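Chain by chain, the residues:
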Amino acid sequence: MSATRFQRQRRTLLAAAGALALAHGLPAHAQAGGGSEPIRVGGTLPLTGPLAPVGGIHKVAAEVFVDALNKRGGLLGRKVELMLLDDQSQPGNARTLYERLITREKVDLLMGPYGTSSIIAAMGVAQRFGKLFIQSSLGDPSLAPYEMQFPALPLGPEPRLADTQVLLDAYASTTTPPKTIAFVTSKFPSALDLAKGGQEVATKRGLKTVLSLEYEFGTRDFGGIAARIKDAAPDLLWSGAVGLEAAQLLDAMKRIDYQPARQFHLFPAPGPTVSNPQAGGLTTLTWFEDHAPFTQNAGAAEFIAAYNERVKAAGLAWPHVDYQAAAEFAAWQILEAATTAVGRLDDKAMAAWLRANPVNTVLGTRRFDGKFNSGAADTKIKQAQNGKWVTVWPPKFRPSGAAFVAP
């Protein structure tokens, strides 16, 4: 065979391979020998710093998903490799590291970090480079106007109002609803905004605000704050605590022999909070817990089993699934659904598909219509009961035999 004829045949074969790849929604290089290369997904989490107790939860959930995904064959016939960096709970670090992931590491896809400020910092980088940005936990959707960002948590477009509305609905169902309320919050961006929205809701519902107090994120000494709460003597304490702050505030109130009649904490670290002796009756937000009916959601049973096994081995303080772990897992379910549906690594096409299609996740069916791609709010309330978290509101999400325990 002449060299010229061989070259013509080789070009014909390569063209056919390219056409076949397009027909199956795969890049030509993947069919022509590049298919063994992993799809690299990059992101950061706060593995150290004040948000580390929750960052560790997200890390385990992400690893559980990626391991299961690879056992199923990966994405687009390729294994998935997670490149996870530690942002140390610092938004500036998150910004720098996401730039590194895109420009130096050249990851194929992004996954958002944990923590409002870090999410916003990373989102700005994603927007600059036109990357799809799925995130699990942004508490203030109004800070996310980027059209290619998608939240895993069903917060709705206005959680600053909806979160306190569902909380007060729960307490209004009791025989002695609160008449006074104290707002004590971290200046963590989403917590501060939710506290301000909560005050608006409380005022409209006729509750008297007897204390409004803000403290710096990362505060550890809550002695003075506990004393202010005791002096105000609210019927309901609304605490915008983040991470370990809730347990630290509980300890500070115990030292002065005080416990609010009713108390709500916004984003507490689940294990240290529910295991605190002062936590009985405490309420917080939830979107998923390790009990029915949540266990019937897409992929929930397998996720719970794998997560609980791995989290014990990792030595985390709370060796059980909660909504933080589920939100991270759901974010990955959303990424998988978009990639599979589009059939190629195309950020814009994947974003367009998500805006037009629902995704079944461990958090239930997620839709991304409306403002900020947020979908409808689906927030619940859980309560610390005998060292365990139990969803208590709305009633249809309570496990069998459970009740809302309130004074």
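Residues numbered from 1 in each chain as written. Predicted model: local features only at pLDDT ≥ 70, side-chain atom pairs only at ≥ 80, totals over all residues. Heavy atoms only, no water.

J.: So what's going on with the overall build of the chain? Residues and values would help.
T.: Looking only at helices and strands, one finds 13 helices and 14 strands in the chain. Expressed along its principal axes, the backbone C-alpha trace of the chain runs to roughly 95 × 45 × 40 Å. Across the 407 residues in the chain, those meeting the buried criterion constitute 54%. Of all intrachain contacts in the chain linking residues separated by at least 6 positions in sequence, the fraction that spans at least 24 positions is 69%. (Helix = DSSP H or I, 4+ residues; strand = E, 2+ residues; numbered from the N terminus. Buried < 20%, exposed > 50% of the residue type's maximum accessible area, 1.4 Å probe, protein only. Contact = heavy atoms within 4.5 Å.)

J.: Outline empty space enclosed by the protein, listing residues and values.
T.: Taken as a whole and assessed by the stated rule, the structure comprises five cavities of 30 Å³ or more. What the largest cavity holds in volume is close to 120 Å³. Every residue lining the largest cavity is counted, 14 residues in all, and those nearest its centre are Tyr114, Ser137, Gly139, Phe267 and Gln324. In terms of residue class, the lining of the largest cavity is built from eight nonpolar, six polar and no charged. (1 Å grid on protein atoms, 1.4 Å probe; cavity = no way out; pocket = protein on both sides within 12 Å on 5 of 7 lines; lining within 4 Å. Points joined across faces, edges and corners; volume = space filled by probe spheres on them. Nonpolar A, V, L, I, M, F, W, Y, C, P; charged D, E, K, R; others polar.)

J.: So, the nonpolar core: which residues are in play, and what are the values?
T.: Within the largest apolar cluster, 99 residues are counted, with the highest numbers of intra-cluster contacts made by Phe288 and Phe303. Counting residues per element, this core draws most heavily on helix α12 (residues 323-342), at 12 residues. Apart from residues no more than four positions distant in its own chain, Phe303 is found in contact with Ala61, Val64, Val321, Ala325, Ala326, Phe329 and Val362. Grouped together as the second largest cluster of nonpolar side chains are 23 residues, Leu213, Leu237, Met253 and Val274 included. (Core = buried A, V, L, I, M, F, W, Y, C linked by side-chain atoms within 4.5 Å.)

J.: Requested: an account of the layout of surface pockets, with residues and values cited.
T.: A volume near 280 Å³ is recorded for the largest pocket. Along its surface, the largest pocket is lined by 16 residues, and Phe65, Ala68, Arg72, Glu302 and Phe329 are the ones closest to its centre. Broken down by secondary-structure element, the contributors of at least two residues to the lining of the largest pocket are α3 (52-71), α11 (300-314) and α12. Per-element tally for the lining of the largest pocket: the top contributor is α3, with five residues. Looking at the lining of the largest pocket residue by residue, the class counts come to seven nonpolar, three polar and six charged.

J.: Got a sec to walk through helix α6 (residues 159-172)? Specific residues and values, please.
T.: Taking 1.5 Å per residue as the helical rise, α6 with its 14 residues ought to reach 20 Å, and the 19 Å between its terminal C-alpha atoms agrees with that figure. The buried count for α6 comes to 10 of 14 residues, which makes it a mostly enclosed element. Where α6 is concerned, the buried positions are Pro159, Leu161, Ala162, Asp163, Thr164, Val166, Leu167, Leu168, Ala170 and Tyr171. Buried residues along α6 sit in contact with α7 (189-204), β8 (236-243), β9 (263-268), β10 (283-286), β13 (380-385) and β14 (388-393). (Expected span 1.5 Å × (residues − 1).)

J.: Lay out the pattern of salt bridges with the relevant residues and their values.
T.: Enumeration over the complete set of coordinates arrives at 16 salt bridges. Residues Arg160 and Asp193 are paired through a salt bridge, measuring 3.3 Å at the closest nitrogen-oxygen approach. Here Arg160 is found in helix α6, whereas its partner Asp193 is found in helix α7, with 33 residues between them in sequence. Notably, a salt bridge pairs Asp378 with Lys380, separated by 3.1 Å at the nearest N-O pair. Judged by relative accessible area, Lys380 falls into the buried class, the value being 2%. (Salt bridge = Lys/Arg side-chain N within 4 Å of Asp/Glu carboxyl O.)

J.: Give a detailed account of the sheet that holds strand β1 (residues 39-45), specifying residues and quantitative values.
T.: Where strands meet in a sheet, backbone hydrogen bonds hold them as pairs that are either parallel or antiparallel. The three strands are arranged β2-β1-β3 in an open sheet whose pairing can be described as parallel. Two strands bound the open sheet, and with one partner strand each, they are β2 (80-86) and β3 (109-110). Pairing of β1 with β2, which is carried by seven bridges, proceeds in the parallel orientation. Residue pairing for β2: Gly43 is matched across the bridge by Leu84. Of the strands in this sheet, β1 and β2 are in contact with α3, which crosses β2 at around 170°. (Pairing = 2+ DSSP bridges. Axes fitted to C-alpha atoms, helices over the stretch in contact; angles between N-to-C directions.)

J.: Tell me about α11, and name the residues and values.
T.: Here α11 spans 20 Å end to end across 15 residues, near enough to the 21 Å set by a 1.5 Å rise per residue. If you check which residues of α11 are buried, you get Ala300, Phe303, Ile304, Tyr307, Asn308 and Val311. Projection of α11 onto a plane perpendicular to its axis shows the buried side chains occupying an angular sector of 120°, all on one side. Facing away from the buried side of α11 by over 90 degrees, the exposed positions are Glu302, Glu309 and Ala313. Turning to α11, the residues buried within the fold contact α3 and α12. Just beyond α11, the residue with positive phi is Gly315, at close to 75°. (Arc of directions from axis to C-beta.)

J.: Go over the packing of aromatic side chains with me, naming the residues and quoting the values.
T.: Tallied over the full model, the rule gives 14 aromatic pairs. Consider the rings of Tyr215 and Phe222, whose centres lie 5.1 Å apart with planes at 85°: the pair is edge-to-face. With a centroid separation of 5.7 Å and an interplanar angle of 20°, the aromatic rings of Phe294 and Phe397 are classed as stacked. One end of the pair, Phe294, is in the loop between β10 and α11; the other, Phe397, is in the segment after β14, and 103 residues separate them in sequence. Summarising the burial analysis for this pair, Phe294 and Phe397 share the class buried. What links up through ring pairs into an aromatic cluster is the set Phe65, Phe303, Tyr307, Phe329 and Trp332. The cationic tip of Arg72 hangs over the ring face of Phe65; the distance from NZ or CZ to the ring centre is 5.8 Å. In this structure, Lys380 is placed above the aromatic ring of Phe397, and the distance from its NZ or CZ to the ring centre is 4.6 Å. (Phe/Tyr/Trp six-rings, centres within 6.5 Å; stacked < 30°, edge-to-face > 60°. Lys NZ or Arg CZ within 6 Å of the ring centre and 35° of its normal.)

J.: Kindly report on the side chain of Thr391, identifying the contributing residues and their values.
T.: Relative to the helices and strands, Thr391 is located in strand β14. Filtering out sequence-adjacent residues up to four positions away, Thr391 remains in contact with Thr286, Glu289, His291, Phe294, Lys380, Ile381, Lys382, Phe397, Arg398 and Pro399.

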